[in-house]
Amino acid sequence: RQTKEVIEEYWDLRSASYAKGVTGSRKQEREIWKRCLAAYVCDMHIKKALDVGTGTGFLSLILYDMGIDVTGMDLSRGMLSQAKDASFHQKVHLDLCQGDAESLPFQSSSFDLVTSRHLLWTLPQPNKALAEWMRILKPGGRILAIDGNWHDPSASKKLARRISAIVACLSHEKNPVPFRRFYEPIGKHLPLFENSRPDRCMELFETAGLDDVAIDSLRDVNRFYGSHTNLSYRLANADTVFLVKGNKTENL
């Protein structure tokens, strides 16, 4: 099967359990993220944002709360269903659509801001995705990509993930959808699958032609997850999340 078909099927099946989140403090989690994003949003006059790979709508809802007109897009219809449910419960009307992060169904120069969360590592062609995000971004606009080196191949991280899997099984926190069965056959087709490091993502942004590229280690976010998630999650994902920022120049 095509790589995209496998990815779409996995996240369709995973959507319901993924929507439960990794922490019981969802309101506090959103506030932490809102404070972190404010540094990258409040210095610009942002009217329209595209949240690529919106998933359950987590980031889209935060941007909406910050007064931004946001469109959430995802390849997985299962995820979009979860985002729709989340927006209904929060009494928010989100503009949601199904689409491919590497081939966007939008006109050029349509958005002031493009965001993504936990998406880069699972893209077959991240360079193509960045080119598309640049295309639909207005001159002077900004891209914010949040990711993590979830599948770091180093020996220490592999051991941590193995122990995490054992802990998850013993505590009934195991992922109900077998990740390996879906992703092991396609991992070699995903350039950032084991290489979603801050320096690699920074290089990706610079190659795409973005200016003022910078990395934020998101200390407050990682500290929050380090104290508000279960042992299994902490073992596998300690200090994993980071943000990479880049701007589209005014003359493009």
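Residues numbered from 1 in each chain as written. Predicted model: local features only at pLDDT ≥ 70, side-chain atom pairs only at ≥ 80, totals over all residues. Heavy atoms only, no water.

A. Structural detail: the environment of S60. Relative to the assigned elements, S60 resides in helix α3 (residues 58-65). The class of S60 is buried, set by a relative accessible area of 0%. Taking the C-alpha atoms as reference points, S60 and P198, separated by 138 residues in sequence, lie 23 Å from one another. In this view, S60 contacts D51, T54, V70, G72 and L94; residues no more than four positions away in its chain are not counted. Of the polar contacts made by the side chain of S60, one reaches the side chain of D51; its length is 2.7 Å. (Helix = DSSP H or I, 4+ residues; strand = E, 2+ residues; numbered from the N terminus. Buried < 20%, exposed > 50% of the residue type's maximum accessible area, 1.4 Å probe, protein only. Contact = heavy atoms within 4.5 Å. Polar contact = N/O pair within 3.5 Å; in protein donor to acceptor, adjacent residues only side chain to side chain.)

B. Focus on the packing of aromatic side chains. Counted by the stated rule, this structure contains 15 aromatic pairs. An angle of 85 degrees between the planes, with centres 5.2 Å apart, marks the rings of F106 and F111 as edge-to-face. F111 sits in the buried class, given a relative accessible area of 2%. Among the aromatic residues, ring-to-ring pairing joins Y10, W11, Y18, W121, F179, F182, Y183 and F193 into one connected group. Taking the ring centre of F111 as reference, the NZ or CZ of K48 above it sits at 5.0 Å. (Phe/Tyr/Trp six-rings, centres within 6.5 Å; stacked < 30°, edge-to-face > 60°. Lys NZ or Arg CZ within 6 Å of the ring centre and 35° of its normal.)

C. Layout of the sheet that holds strand β3 (residues 95-98). The strand order across the open sheet formed by seven strands is β3-β2-β1-β4-β5-β7-β6, and the pairing between neighbours is mixed. The open sheet terminates on both sides in strands that have one partner only, identified here as β3 and β6 (211-216). Shown here is a sheet whose adjacent strand axes are inclined to one another by a mean of 15 degrees, direction ignored. Where strand β1 (residues 48-52) lies against strand β2 (residues 69-74), five bridges are found, and the strand directions are parallel. Within the sheet, the bridge partner assigned to L50 lies in β2 and is T71. α3 rests against β1, β2, β4 (111-117) and β5 (137-148) of the sheet, and its axis sits at about 140 degrees to β4. (Pairing = 2+ DSSP bridges. Axes fitted to C-alpha atoms, helices over the stretch in contact; angles between N-to-C directions.)

D. Highlighting the pairing of β3. Pairing geometry for β2 and β3, over four bridges, is parallel. Bridge assignment links G72 to a residue of β3, and that residue is L96. In this fold, the crossover linking β2 to β3 by way of helix α4 (residues 77-89) has right-handed handedness. (Right-handed = clockwise from strand over helix to strand, strands pointing away.)

E. Representation of the environment of Q28 in the model. Position of Q28 among the secondary structure elements: in helix α2 (residues 26-41). Residues Q28 and F224, 196 residues apart in the sequence, show an inter-C-alpha distance of 9.0 Å.

F. Spotlight on the environment of F205. Within the fold, F205 resides in helix α8 (residues 198-207). Of the residues examined, F205 reaches a relative accessible area of 0% and is grouped as buried. As a C-alpha pair, F205 and G246 span 41 residues in sequence and 6.7 Å in three-dimensional space. Apart from residues no more than four positions distant in its own chain, F205 is found in contact with L130, I143, A145, L210, V213, V244, K245 and G246.

G. Region of the structure containing the side chain of R14. Within the fold, R14 resides in helix α1 (residues 3-18). Note on R14: relative accessible area 17%, which makes it buried. Polar side-chain contacts of R14 include one of 3.3 Å to the side chain of N175. Each residue touching R14, except ones within four places of it in the same chain, is listed here: N175 and V177.

H. Structural view of the packing of α1 against α4. In the contact formed by α1 and α4, the axes pass within 7 Å of each other and the chain directions differ by 30 degrees. Considering the angle they form, α1 stands roughly parallel to α4. Two secondary-structure elements touch here, α1 through E8, W11, D12, S15, A16 and Y18 and α4 through R77, G78, M79 and Q82. Among the residues making up the contact of α1 with α4, the classes are represented as four nonpolar, three polar and three charged. (Parallel < 35°, antiparallel > 145°, perpendicular 65-115°, else oblique. Nonpolar A, V, L, I, M, F, W, Y, C, P; charged D, E, K, R; others polar.)

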